[in-house]
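Examination of the molecular architecture
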Amino acid sequence: MNSNVRPDSMQRITTKELADAFISEQVALIRKQVGDGKVLLALSGGVDSSVVAALLIKAIGKQLVCVHVNHGLMRKGESEQVIEVFGKELDANLIYVDATDRFLNLLDGVCEPEKKRKIIGGEFIKVFDEEASKLSGIGYLAQGTIYPDILESDGVKAHHNVGGLPEEMQFELVEPVKLLYKDEVRVVGEALGLPHAMVYRQPFPGPGLGVRCLGAITRDRLAALREADAILREEFDNANLAGKVWQYFIAVPDFKSVGVKDGKRYEGWPAIIRAVNTTDAMSATIEEIPYAVLHKITDRITAEVDGINRVLYDLTPKPIGTIEWE
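Residues numbered from 1 in each chain as written. Predicted model: local features only at pLDDT ≥ 70, side-chain atom pairs only at ≥ 80, totals over all residues. Heavy atoms only, no water.

**Focus on the sheet that holds strand β5 (residues 172-174)**
Spatially, five strands are ordered β3-β2-β1-β4-β5 in an open sheet, and the strand pairing comes out parallel. Only two strands of the sheet have a single neighbouring strand rather than two, namely β3 (93-98) and β5. When the angles between neighbouring strand axes are averaged without regard to direction, this sheet yields 30°. Here strand β1 (residues 38-42) runs beside strand β4 (residues 138-142); their pairing, made up of four bridges, is parallel. Within β4, the position partnered with V39 by the bridge is Y140. Along the sheet, helix α1 (residues 16-34) contacts β1, β4 and β5; its crossing angle with β5, the most-contacted strand, is approximately 165°. (Pairing = 2+ DSSP bridges. Helix = DSSP H or I, 4+ residues; strand = E, 2+ residues; numbered from the N terminus. Axes fitted to C-alpha atoms, helices over the stretch in contact; angles between N-to-C directions. Contact = heavy atoms within 4.5 Å.)

Dropping the structure here:
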């Protein structure tokens, strides 16, 4: 039987009991597959890679080597959470690489969205390769492949989290959640004791804030975007909207408008709020956010974030507008 096909008899994992049974089964399978070998994992901090990391730590402990590359385009507090949860609480064998300057220097002056994506993706692979080549005795590569990934790629999923490794590095794949849907991965993550915020983290593009800091990325605008995005997320949490809206974020374009602050002219960027609901990301509807919440977010962003003087709400569904701006 094809190991990439979910059997019809497989029950959907909806409860902690079913998740615990799945975890026990996978721990045994991982130990059988890996033995005393070493496993490498690119740990982004996203739901899938975090659950795979926690599962492998439970199964083989320090035989797992996690590499977290901070490309400087993470949301506020995300890399810190990876270090806290995996480095400290789970005592993982964690390699943390702060490559912020390396990425931002390469992106300096690059406006074209596709070019930005290629630079970020290509450099990520280089950084990961460099770290992998420093390690010896790695025989396995763990990936956070989930069932929709396999369905979308027609059964072929090449290095989904990593993006591609050098030909001379031959690994056997370890993909413990490859037959699960996203909602099941979350139930397993909670059963493994991962923080709720990590398990229910929103979909986040690989290039991170790089495709939300529109046009050529500058450090000051990136910093403003990160702070504004954190305020949006905090206020959505406070208003109990976090679980009702599939994806919400801020985009900051590369132009300024005039405003007034402390009785003086003040030029700043606009922060554009995007909040959408979708089942399959192929189409999306706009969430109707209460005006009181929008006013509060606007007040906080314009008062607390240096460089932003307007807040806009994007009312465009998909189609015609894509979910991301770039």
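**Some details on unusual backbone geometry**
The omega torsion of the bond from K318 to P319 falls at -10°, within 30 degrees of zero and hence cis. Tracing the sequence through the fold places P319 in the segment after β10 (308-313). Located in the positive-phi region is N240, a residue other than glycine, with phi close to 55°. Among the structural elements, N240 can be located in the loop between α9 (219-238) and β6 (247-251).

**Regarding the side chain of S79**
In this fold, S79 is placed in helix α3 (residues 78-89). Here S79 is in contact with H68, N70, M74 and Y96, once residues within four sequence places are set aside.

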